[in-house]
Every structure is written in structure tokens, then in C-alpha cells.
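Fold and contact review
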Amino acid sequence: MQIELNNLVRVYNSADGLSKVAAVNDISLTIPSNQIFGIIGKSGAGKSSLVRLISMMEKPDSGEVLYDGERVDNLSEKELVMRRRRIGMIFQNFNLFSSRSAGQNIAYPMEICGLPKDEINRRVDELLELVELSDRKDARISTLSGGQKQRVAIARALANKPDILFCDEATSALDPQTTASILNLIRRIQSQMNLTVVMITHQMEVVRDACSQVAVINEGKLVELGSVNDIFLNPKSPVTKDFISHIGSDRKAGDGSDIVRWSQEGGEYELSFPSHQQGAPVLSNVAKKFDVEFNIRAAGVQHLTDGDIGKMIVDFTGFQVKEALEYLRNQDIIVEKAGE
Ligand SMILES: Nc1ncnc2c1ncn2[C@@H]1O[C@H](COP(=O)(O)OP(=O)(O)O)[C@@H](O)[C@H]1O
Ligand SMILES: [Mg+2]
């Protein structure tokens, strides 16, 4: 299912009622079918407001939402109810019924749709197996770990065979290991079920580890959009650069990659190598072609969902530094002054 957003606007009255907040301020973008699309932004950027519009929970003040080319922002209440059944949603705080067992939580959306009991039972078992919780069917929610609760929520979200899954900060309450296992599960489900997944997060790690494309939003506006590879290789907006530089790691360079520095001094230029350039002896070619010498101060790799990006922090000396940098840029290598 491809989702198209055209000039979406949503304005709220502020909590004190004295001013207005454009939580979503003229956002247009296309979310491609059958992949994991990230929406990243700081707290208050407008992510949840945007998701409520995309998922038909709320209507925009203006603009359009289209699913596979058909308007869904102007459906009647009855059409909305039917269409929403094929949308799955999971949240940071799981939103499970604590009075129901794991299996009963998963059964709930199918009960609402009036499916026969034996069919519901069969499907609950299937879904429990999919999320690897077959042995916890009768467990009370309070006895489950955070990761297990999110697995139950995922199974429940998939119960009515949705074509879109929205994940609003789904891993934000989980530790890094549990986050990794939930992201793996979402990736597996996405490819098995041909789902379009919209992953809302404030963590660049989540984008790196799960998404193919990403939209960066700030103060209700779209500030950057592209493939995760391109954005890690060459982030353009200050907000995006800031997200990448805050990726958790204890030995990182300015760009947040797991870069190892073996010289504290120097490092005037930061080179980013796209995956197709990582086998090539680019730097030694530069030294042969031009009157330059290079000194590598730090290097490392950023692992992404669709390939890796190499980073190096390098000094160049000699008479043809300008020409050498120009040559590197022509080889699809991003060259920046380090720290900029
Ligand atoms: N229902 C609402 N009523 C009033 N203000 C809201 C409402 N929902 C969101 N906002 C405001 O819109 C802005 C964006 O909020 P939100 O979409 O929750 O951001 P995020 O999910 O990125 O943290 C914030 O300033 C928030 O206070
Ligand atoms: Mg939010």
C-alpha cells in the first residue's frame, strides 16, 4: 500500500487556549509500498500528530491523504471504521488490556469483527507463533516483560491482516537488546506479509537498523527526505546532522559512526564512502595522481539496513590538495571539513 500525503496541515489550540500550534505544517511526501519508512523528529516535532492524520484517526485541517491513489481523509464514519480495520498500530506504552491474557488481547480485534470462535482461536495460535510467544498464551499481561508485551501488541495489530502497520515510538521504552529483537521481528513480518510499515521514532538508531527511507520532521515541517543510505552518507539539514551525531556509541566521531581514532590530533577532512566505493583503492590513487600525501587519523563503518558507509578522517598535505579533493568528489565520495 503506497501512502501519499499532500500539503497536510493540522493546527491545535495550545494547552492554555491562548495560541495555536501548527503541529503539522504543510507536509507532503510519499511513503512507498512494502518497505519500512521512518519518520524521525525530536519530542514535540509533530510525529504523533502526523501519524494520527496518516492513519485516519484524525482529519487534517487541510490537505489530502491517499492510499494507493484513493483519498481516505474524506471518508464517511462508516467507511472509516471499515478501512481502519486494515490498519495495525503499536505504541510505546503497548496499550494492552491488563484484565485479559496475552491470547485474549490478540483475539480482541477479531471479536470486534465478529469472526467465528474457532477461527479466532486458530489465528491467535498462528500469531503467537509468529511473535514467538506460543508458550505465553494464557499469561496475564502484568507477568510479561516489556519486549513480550510489545510482541503481544504486534500480534494483536496483525490480527485482522492489515496492509499498513504504524509503530509510534514502539521501541522507545525498551532496552537496546530488546529494541534490536523487536526491530528484527518487525523486519521479518514486513517482508513475510508485504506490509507497508511506518516507523515513528526519535532515535536515529531505529532508522539505521530498520528503515529503508526516512523523513525528518521538525516543528511540524518536513526538513529532509531520502534513502537512509543517502542521509547517513550526506545529511543536509542541521536537525538530521544532530540526530546522526547523537547515535549512541562511546567511541564515535563527529558523525556518530563507530569510528576508531588512533591519533588525537589532526583530521581536517571527513570522507564518506558509499558502499560501491569501499573496495576501491581510492586514496592511493589520489596520492599517485596528485602531489599530495595523506594521513588517516580515524576510520570506521556505519552499518545500515541496505549497505554500509565508510568514514575516514584524513589530513592532506602537498601542493595539489584542492585537486585531490575535487577528484575524490568526482568518485562519489563526500568530502567535508571535519566538524562541520
Ligand atoms: N491534541 C492536541 N491538542 C493540543 N496540542 C497538541 C495536541 N496534539 C499535539 N499537540 C501539540 O502539537 C505539537 C506536536 O506534538 P506531537 O505530535 O505529540 O509531537 P511528537 O509526537 O513529535 O512528540 C506539540 O507542540 C504538542 O503540544
Ligand atoms: Mg509522539
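Since this is a predicted model, take the numbers as computed values, not measurements.

Considering the overall build of the protein chain
- A tally of helices and strands in the protein chain yields 11 helices and 15 strands.
- Projected onto the principal axes, the alpha-carbon positions of the protein chain cover approximately 80 × 50 × 40 Å.
- Of the contacts formed within the protein chain by residues at least 6 apart in sequence, a portion of 69% connects residues at least 24 apart.
- If you sum the accessible surface of the protein chain, you get close to 16,300 Å²; carbon and sulfur atoms cover 47% of it.
- Of the charged side chains in the protein chain, 39 are positive and 46 negative; the average position of the first set lies 5 Å away from that of the second.

As for the UniProt feature "domain: ABC transporter" (unreviewed entry) in the protein chain
- In the numbering adopted here, UniProt assigns the feature "domain: ABC transporter" (unreviewed entry) to residues 3-244.
- As annotated, residues 3-244 comprises 38% helix and 27% strand, and the C-alpha atoms at either end are separated by 26 Å.

As for helix 4 (residues 117-130)
- Between its terminal C-alpha atoms helix 4 stretches 20 Å, which fits the 20 Å expected from 14 residues at 1.5 Å a residue.
- Turning to helix 4, its buried residues are I120, R123, V124, L127, L128 and L130. Buried residues of helix 4, seen end-on, are gathered within an arc of 150° and therefore sit on one face of the element. Exposed and facing more than 90 degrees away from the buried side of helix 4 are D118, R122 and E129.
- For helix 4, the secondary structure elements touched by its buried residues are helix 3 (102-112), helix 5 (146-158) and helix 6 (176-193).

Quick word on the nonpolar core
- I154, I186, M199 and M204 are the most contacted members of the largest nonpolar core, which totals 56 residues.
- In terms of residue count, the dominant contributor to this core is helix 5 (six residues).
- Both of domain 1 (3-230) and domain 2 (259-337) provide at least three residues apiece to this core.
- For I154, the residues in contact, after removing those within four places along its chain, are I90, V131, I182, L185, I186 and I189.

Looking at unusual backbone geometry
- Phi at N7 takes a positive value of approximately 50°, unusual for a residue other than glycine.
- Within the fold, N7 resides in strand 1 (residues 3-13).
- The phi torsion at E169 lies on the positive side, around 55°, for a residue other than glycine.
- With respect to the helices and strands, the residue E169 is situated in the loop between strand 7 (164-168) and helix 6.

Here we look at the site of ligand 1
- Around ligand 1, the surrounding shell holds 13 residues, and the nearest of these are G44, G46, K47, S48 and S49.
- A distance of 3.2 Å is found between an oxygen atom of ligand 1 and a backbone nitrogen or oxygen belonging to A45.
- The protein chains hide 62% of the 560 Å² of surface that ligand 1 would expose on its own.
- With four residues, helix 1 (residues 47-54) is the single largest residue contributor to the shell around ligand 1.
- Along the lines of polarity and charge, the residues of the shell around ligand 1 split into four nonpolar, six polar and three charged.

Structural notes on the environment of C211
- Relative to the helices and strands, C211 is located in the loop between helix 7 (204-210) and strand 9 (213-218).
- Looking at C211, the relative accessible area reads 1%, which means it is buried.
- In sequence terms C211 and L304 are 93 residues apart; their C-alpha atoms lie 8.6 Å from each other.
- Setting aside chain neighbours within four positions, we find C211 in contact with I36, F37, G38, M199, V206, V228 and T305.

Examining the domain arrangement of the protein chain
- We note that the domain assignment places domain 1 (3-230) and domain 2 (259-337) within the protein chain.
- The distance between the C-alpha centroids of domain 1 and domain 2 comes to 39 Å.
- Between domain 1 and domain 2, the contact holds nine residues from the first and seven residues from the second.
- At the boundary of domain 1 with domain 2, total buried surface from both sides reaches about 590 Å², with 40% on carbon and sulfur atoms.
- When the area that domain 1 buries against domain 2 is broken down by residue, the three leading residues are R208, S212 and N229, summing to 74%.

Thresholds applied
- Residues numbered from 1 in each chain as written.
- Chains lettered and ligands numbered in written order.
- Predicted model: local features only at pLDDT ≥ 70, side-chain atom pairs only at ≥ 80, totals over all residues.
- Heavy atoms only, no water.
- Helix = DSSP H or I, 4+ residues; strand = E, 2+ residues; numbered from the N terminus.
- Contact = heavy atoms within 4.5 Å.
- Areas by Shrake-Rupley, 256 points an atom, 1.4 Å probe, with all protein chains shown as cover.
- Lys, Arg positive; Asp, Glu negative; His and termini not counted.
- Charge placed at Lys NZ, Arg CZ, Asp CG, Glu CD.
- UniProt positions renumbered as here; feature names shortened; annotations may be inferred.
- Expected span 1.5 Å × (residues − 1).
- Buried < 20%, exposed > 50% of the residue type's maximum accessible area, 1.4 Å probe, protein only.
- Arc of directions from axis to C-beta.
- Core = buried A, V, L, I, M, F, W, Y, C linked by side-chain atoms within 4.5 Å.
- Domains from an automatic or database assignment.
- Near = heavy atom within 4 Å.
- Polar contact = N/O pair within 3.5 Å; in protein donor to acceptor, adjacent residues only side chain to side chain.
- Nonpolar A, V, L, I, M, F, W, Y, C, P; charged D, E, K, R; others polar.
- Buried area = accessible area lost by both parts, 1.4 Å probe.

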